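# Working through the structure, step by step
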Amino acid sequence: MSQSLQKVLVTGGAGYIGSHVIYALQKTRRYKVISVDNGHNSHSNALSKVSALSRSELPADASQRDIETTEIESYKCDLTRRDEIRAVFEKYGKGGIWGVVHIAAYKAVGESVEIPLAYYENNVAATLYLLQTMQEYDCTRIVYSSSATVYGIPPTIPIPETTRLKADSPYGKTKVMSETMLDDLCHSDPKWSAISLRYFNPAGAHPSGQIGEHPKGRPGNLLPLLAHMAIGRVDPKTLQVFGNDYPTPDGTCVRDYLHISDLASGHLLALEALAPNSKIFESTPDARYKAYNLGQGKGISVLQIIEAMRKATGFDFKYEIVGRRRGDVPDLTADPALAEKELGFKANEDLAIMCRDLWNFQSKNPEGYGKFD
Ligand code: WQD
């Protein structure tokens, strides 16, 4: 009899990052994915697209077990409702879920300043309830979606993981708090193992153009906004560049972009590193907890992004320089060495590929996944 598949629960599974992570998990043909999502900034069509894409890549002689890996058990579930997340774990019973990839969260820095309590509830309280539920059901492995915003304005660039955590926005603080909970939990109980992944700026889409980012409303982030401008979905037609008086080579902010497929593969490596025989915790004998930067280690300015998107789309973007955006940091460039050394992670795809794949998704799906439910 073949061994049964390991069950991995992905929170925020129908979102931009979640859908690409699920695809990466399915591609291994070793996991059975359970997705939970409350539909806040995600589209229900995303999951059927992921499954269809995975199925289309199965060999003609695929086994029943392989076919099973392409199916997603999906639940509409709000993590701030303990009863809802508990009901999902109850279905699989104690020890039924091997590990969790926790991606679901609110993520807009500016909004978090306006409505901090909603952020603490949705990002911190929800993580607490999830961890309590996992504990109850003997599920003690977790990969956590953290963010480069935990560093605030970092004292050194590129930023190593040893940098003090000093987030400025409520959003960033929710990520620091959740990381702290994981660290404390792993110190309290050797059964637990956890990895926080500090994302820099994920971009692009799966090269097939089947899955990608579908933001609700007008995109706030630079790359999806440029894609929407090129497809003719946003007004006004002039991009506002927030500041050109930063201490950076061209005066505009610098970010570290990495392809969404690379980011997804980082989750897979992290999940695998939670296995009992993992070597990565040898350097932290007190607790099986680690945090890694996921970035390329290459700084790219706002003006360079506009130029790269012009090349990818052929669209002549008009822009004007306006004042700085509140809360923006001049330079967020990762030192990616630790993730490479310990996880074997490397973000290979360059900016031109990210822009090509973003545009491929956007032009094949001008309306994204279609109207929200
Ligand atoms: C990039 C640059 C803007 C829009 C991301 C995530 C956020 C958090 C941190 C998630 C900045 C400039 C943008 C525009 C512009 N991480 N810009 N005009 O700020 O790095 O935030 O990382 O965990 O959720 O979104 O990304 O794409 O918003 O901005 O000039 O209309 O583009 O000022 O310098 P950011 P972004």
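Computed from a predicted model, the values in this text were never measured in an experiment. (Residues numbered from 1 in each chain as written. Predicted model: local features only at pLDDT ≥ 70, side-chain atom pairs only at ≥ 80, totals over all residues. Heavy atoms only, no water.)

### Some points on the site of the ligand
In the vicinity of the ligand there are 19 residues, among which Lys-107, Tyr-171, Asn-221, Arg-255 and Asp-328 approach most closely. At 3.0 Å from an oxygen atom of the ligand is found a side-chain nitrogen or oxygen belonging to Ser-147. One of the side-chain nitrogen or oxygen atoms of Arg-255 is found 2.6 Å away from an oxygen atom of the ligand. For the shell around the ligand, the secondary structure elements donating two or more residues are α8 (222-231) and β8 (238-242). (Near = heavy atom within 4 Å. Polar contact = N/O pair within 3.5 Å; in protein donor to acceptor, adjacent residues only side chain to side chain. Helix = DSSP H or I, 4+ residues; strand = E, 2+ residues; numbered from the N terminus.)

### Some remarks on the pattern of salt bridges
As a working rule, side chains carrying opposite charge can pair if their charged atoms are close by. Within the structure shown, the criterion is met by 17 salt bridges. Two residues, Glu-272 and Arg-30, come together in a salt bridge whose shortest N-O distance is 2.2 Å. Residue Glu-272 is found in helix α9 (residues 260-272), and its partner Arg-30 is found in the loop between α1 (16-27) and β2 (31-37); the two are separated by 242 residues along the sequence. Judged by relative accessible area, Glu-272 falls into the partly exposed class, the value being 32%. Arg-30 gets classed as partly exposed once you look at its relative accessible area, which sits at 38%. Connected through salt bridges with shared partners, the residues Lys-32, Glu-71 and Glu-73 form a single ionic network. (Salt bridge = Lys/Arg side-chain N within 4 Å of Asp/Glu carboxyl O. Buried < 20%, exposed > 50% of the residue type's maximum accessible area, 1.4 Å probe, protein only.)

### Some remarks on unusual backbone geometry
Residue Ile-157 is joined to Pro-158 through a cis peptide bond whose omega torsion reads -5°. Its location among the elements puts Pro-158 in the loop between β5 (141-147) and α7 (170-188). A positive phi angle, near 60°, is found at Arg-29, a position not held by glycine. For Arg-29, the location among the structural elements is in the loop between α1 and β2. Positive phi, close to 50°, is recorded for Asp-138, a residue that is not glycine. Relative to the helices and strands, Asp-138 is located in the loop between α6 (116-136) and β5. In this structure Asp-138 comes out as partly exposed when scored by relative accessible area, which is 43%.

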